[in-house]
Amino acid sequence: MTTKELRDNVTFLSALRMLEGMAERKLLSEAETERARTELKRRLRPTLIFA
């Protein structure tokens, strides 16, 4: 895995964690949460790491 891929993965996970936090605090509706999650996956295209 390259440094760029690792950085992209960390960015994706950080954004996903922030999104989940906002959803837990009811700042976003379920539809908004799903739309944002889909957009994150589309834009960042995480490289999955299986260990």
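As the structure is a computational prediction, the values presented were derived from the model and not from experiment.

### Details of the overall build of the chain
Looking only at helices and strands, the chain has two helices and zero strands in total. When each of the 51 residues of the chain is scored for burial, the buried share is 14%. Just so you have it, the chain exposes about 4,500 Å², and 57% of that area is on carbon and sulfur atoms.

### Some details on the environment of Ala-36
Here Ala-36 is to be found in helix H2 (residues 30–44). Along the sequence, Ala-36 and Leu-19 sit 17 residues apart, while their C-alpha atoms lie 7.7 Å from each other.

### Section: the side chain of Thr-33
Looking at the secondary structure, you find Thr-33 in helix H2. Excluding residues that lie within four positions of it along the chain, Thr-33 makes contacts with Leu-19, Ala-23 and Leu-28.

### Looking at a nonpolar patch on the surface
Taken together, the side chains of Met-1, Leu-6 and Val-10 make up a nonpolar region of the molecular surface, amounting to roughly 300 Å² of accessible area. Along the chain, Met-1 falls in the segment before helix H1 (3–24).

### With respect to the environment of Leu-16
By secondary structure assignment, the location of Leu-16 is in helix H1. When its relative accessible area of 15% is taken as the criterion, Leu-16 is described as buried. The contact partners of Leu-16, leaving out residues within four places of it in the chain, are Arg-37 and Leu-40.

### What about H1?
An ideal rise of 1.5 Å per residue puts 32 Å on 22 residues; H1 measures up with 32 Å between its terminal C-alpha atoms. Within H1, burial applies to Asn-9, Phe-12, Leu-16 and Leu-19. Viewed along the axis of H1, the buried residues span an arc of 95 degrees, placing them on a single side of the element. In this structure, H1 carries Thr-3, Val-10, Arg-17 and Met-18 as exposed residues pointing more than 90 degrees from its buried face. Buried residues belonging to H1 abut H2. Downstream of H1 by one or two residues, Lys-26 has phi in the positive range, about 60 degrees.

The rules we used
Residues numbered from 1 in each chain as written. Predicted model: local features only at pLDDT ≥ 70, side-chain atom pairs only at ≥ 80, totals over all residues. Heavy atoms only, no water. Helix = DSSP H or I, 4+ residues; strand = E, 2+ residues; numbered from the N terminus. Buried < 20%, exposed > 50% of the residue type's maximum accessible area, 1.4 Å probe, protein only. Areas by Shrake-Rupley, 256 points an atom, 1.4 Å probe, with all protein chains shown as cover. Contact = heavy atoms within 4.5 Å. Patch = residues over 30% accessible without salt bridge, like charges linked within 9 Å, V, L, I, M, F, W, Y side chains within 5 Å. Salt bridge = Lys/Arg side-chain N within 4 Å of Asp/Glu carboxyl O. Expected span 1.5 Å × (residues − 1). Arc of directions from axis to C-beta.

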